[in-house]
Amino acid sequence: MLALLPVTLSLLLGLLALVFLLSHYLFFKKEDPKDVPNGTMGWPFLGETLGYLKPHKSNSMGSFLQEHCSRYGRVFKSHLFGSPTVVSCDLELNTFILQNEEKLFQSSYPKQVHDILGKLSLMLVSGDLHRKLRNVALSFTTTSKSRPDFLHYVEKLSISVMKSWKDRRQVLFFKEAKEFTLYLMLKNLLNIEPNEPQALKILEDFLTFMKGFVSLPLYVPGTPYAKAVKARARISSTLKEIIEERERKSVGLSKGDFLDEVLLKGNLNIEEKVSILMDLLLAGYETTSGLLALVVYFLGQAPYFLEKLKEEHLALRRGKKDGQPLNWEDYKQMEFTSNVISEALRCGNLVKFVHRRALQDVKFKGYLIPAGWQVLPIFTAAHLDPSLHENPLEFNPWRWDDQAVKKKVTPFGGGLRLCPGADLAKVETAFFLHHLVLNYRWKTQEDDFPISYPYVEFKRGLVLEIEPIDKIDNKENVK
């Protein structure tokens, strides 16, 4: 028997090689339609997905995109996430794709994303259902951003964070930012305070959820992905319990939160109510906290712009009495703050790309995108394109004085799927920054930078060395 082992192994290896070559021929060597962009399909089955998803600094394109753009141009074909794909690093094509949602293209994410986000997530649904759910989310974000009680709570929680750092010299900022933004959403969506048991439970589940969200999507017990799917189920169950309890006990009793509004909408079933709350919590937890962290990171690298930002907020304080809260009119005066936030979004790239699929053969600028092919508009590539932005790798908020820059940057997507919470995230960030720059100086660690996984994480969690600013210094500056 042992004598036959080498022969058996040889036959097995030969069979595997034959399967490999046959699959490569069947799946990757068949001729593509004419005018499909140049590129390569990579390995059988895997394609080029592993190379595409290789982590890199979020304020860079990464080696995969740089090499492919250099070799094939800014629009190229590949095989990613199990599908033949057209990858666009071209601003015009990206804009065309986003503006033709539901006409020529449709949101189309891998099954693993469906499993972890849920089938009713705004990222995944299309057509009438997407419009219905998005309008509900938009009603919350549009009314909240200028509502005095919401703004007051943002400021109250910001001040609370500043006080909690009083005796500390070091903070893990990304963690702090995630807690801050989640607690904001819990209060305004569900009237849950940060110190309530439900808040701590949801926060713990979100920590588990996001660890799996950015992990290898392998559903094996014990893996981060499997834990994340279970964490999402627990969060959904908690939200469902809250909704059902409110429906039973609060008939005619208003708590003044978003759930009150949701319960008044008779066109939403329980699954849709849970899903829209989950989406808003996720946006608050991940997107807004990521924006806050990016702003703090880039300001830590740019002391000149940090000082300019502080000057704007000191000037704002001159027109207010001690302890007088910020309001919507104050926010509208934060012009340089707005520039800083926009530039952090351009440089840091919270959203690297989105998934779309061609509903029919599409021709654009001489390229053919075949029906059924996946399309990936790469926002990062346009944000860092030297033909669009002078010194694109440089953090420079002054560039936003040129109104034309707005048309060249799409940090929150665009078209029908423009993030409904974009403005709300900016308001929360601006109010937090007001108190941060007036109360603390900070330094970042050299090797602690934002990384695209493709979702933004920090190598060490964005550790800040902090130093309180003497209040006497601030008073001197205000005079």
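Residues numbered from 1 in each chain as written. Predicted model: local features only at pLDDT ≥ 70, side-chain atom pairs only at ≥ 80, totals over all residues. Heavy atoms only, no water.

Relative to the elements of secondary structure, Val-362 occurs in strand β7 (residues 362-364). The spatial distance from the C-alpha of Val-362 to the C-alpha of Phe-105 is 9.1 Å, given a sequence separation of 257 residues. Here Val-362 is in contact with Phe-96, Leu-104, Phe-105, Tyr-367, Leu-368 and Ile-369, once residues within four sequence places are set aside. (Helix = DSSP H or I, 4+ residues; strand = E, 2+ residues; numbered from the N terminus. Contact = heavy atoms within 4.5 Å.)

Of note, the amide linkage connecting Tyr-453 to Pro-454 takes the cis form, showing an omega dihedral of 15°. Mapped onto the elements, Pro-454 comes out in the loop between β11 (450-452) and β12 (456-458). With a phi close to 60°, Asn-349 is a non-glycine residue in the positive phi region. Turning to its location among the elements, Asn-349 is positioned in the loop between α15 (335-348) and β6 (356-358).

It is worth spelling out the packing of aromatic side chains at this point. Summed over the entire model, instances satisfying the criterion amount to 24 aromatic pairs. Summarising the aromatic geometry, the rings of Phe-174 and Phe-458 are spaced 5.4 Å apart at their centres and angled 75° between planes, so their arrangement reads as edge-to-face. Here the residue Phe-174 occupies a position in helix α8 (residues 173-190), and Phe-458 occupies one in strand β12, the gap between them amounting to 284 residues. The structure contains a cluster of three or more aromatic residues connected by ring pairs, namely Phe-174, Tyr-297, Phe-298, Tyr-304, Phe-305, Phe-336, Phe-395, Trp-398 and Phe-458. The ring of Phe-174 has Lys-178 lying over it, and the distance from NZ or CZ to the ring centre is 4.3 Å. In this arrangement the basic side chain of Lys-352 is found over the ring face of Tyr-52, its NZ or CZ atom lying 5.0 Å from the centre. (Phe/Tyr/Trp six-rings, centres within 6.5 Å; stacked < 30°, edge-to-face > 60°. Lys NZ or Arg CZ within 6 Å of the ring centre and 35° of its normal.)

Attention now moves to the pattern of salt bridges. As enumerated under the stated definition, the model contains 26 salt bridges in all. The closest approach of N and O atoms between Arg-417 and Glu-101, which form a salt bridge, is 2.8 Å. On the criterion of sequence distance, the pair formed by Arg-417 in the loop between α16 (379-383) and α17 (422-439) and Glu-101 in the loop between α4 (91-99) and β4 (105-107) is long-range, its members being 316 residues apart. Residues Arg-417 and Glu-101 agree in their burial class; the two are buried. Between Lys-178 and Glu-457 there is a salt bridge, with the nearest N and O atoms lying 3.5 Å from each other. (Salt bridge = Lys/Arg side-chain N within 4 Å of Asp/Glu carboxyl O. Buried < 20%, exposed > 50% of the residue type's maximum accessible area, 1.4 Å probe, protein only.)

Now for the sheet that holds β4. Within the open sheet, the 5 strands sit side by side as β2-β3-β9-β6-β4. Their pairing is mixed. Among the strands making up the open sheet, the edge pair consists of β2 (75-80) and β4. The sheet shows a mean angle of 35° between the axes of neighbouring strands, direction not considered. Direction of pairing for β2 relative to strand β3 (residues 83-88): antiparallel, over a ladder of 6 bridges. Each bridged residue has a counterpart across the sheet, and for Lys-77 the counterpart in β3 is Val-86. Of the strands in this sheet, β2 and β3 are in contact with helix α3 (residues 63-72), which crosses β2 at around 130°. The sheet contacts of α4 involve β2, β3, β4, β6 and β9 (374-377), and relative to β9 the element is tilted by about 120°. (Pairing = 2+ DSSP bridges. Axes fitted to C-alpha atoms, helices over the stretch in contact; angles between N-to-C directions.)

This part takes up helix α7 (residues 148-164). Taking 1.5 Å per residue, 17 residues should reach 24 Å; α7 reaches 24 Å between its end C-alpha atoms and fits that length. For α7, the complete set of buried residues consists of Phe-150, Leu-151, Tyr-153, Val-154, Glu-155, Leu-157, Ser-158, Val-161 and Met-162. (Expected span 1.5 Å × (residues − 1).)

We now examine the sheet that holds β12. Read across the sheet, 3 strands follow the order β1-β11-β12 without closing on themselves; strand pairing throughout is antiparallel. Each having just a single partner strand, β1 (56-57) and β12 make up the two edges of the open sheet.

The two faces of β9 match: Gln-374 and Leu-376 on one face and Val-375 and Pro-377 on the other face are all buried. Alignment of β3 against β9, held across 4 bridges, turns out to be parallel. What sits directly across from Val-86, in β9, is Val-375.

So, about a nonpolar patch on the surface. A cluster of nonpolar residues, Trp-43, Leu-46 and Leu-50, forms a patch on the protein surface that exposes about 390 Å² of accessible area. Looking at the secondary structure, you find Leu-50 in helix α2 (residues 49-52). Classification of Leu-50 by relative accessible area gives exposed; the value is 61%. (Patch = residues over 30% accessible without salt bridge, like charges linked within 9 Å, V, L, I, M, F, W, Y side chains within 5 Å. Areas by Shrake-Rupley, 256 points an atom, 1.4 Å probe, with all protein chains shown as cover.)

This part is about the environment of Gly-212. Assignment of secondary structure puts Gly-212 in helix α9 (residues 197-213). Residues Gly-212 and Ile-116, spaced 96 residues apart in sequence, show a C-alpha to C-alpha distance of 8.6 Å. With sequence-adjacent residues up to four places away left out, Gly-212 is seen in contact with Ile-116, Pro-224, Tyr-225 and Ala-228.

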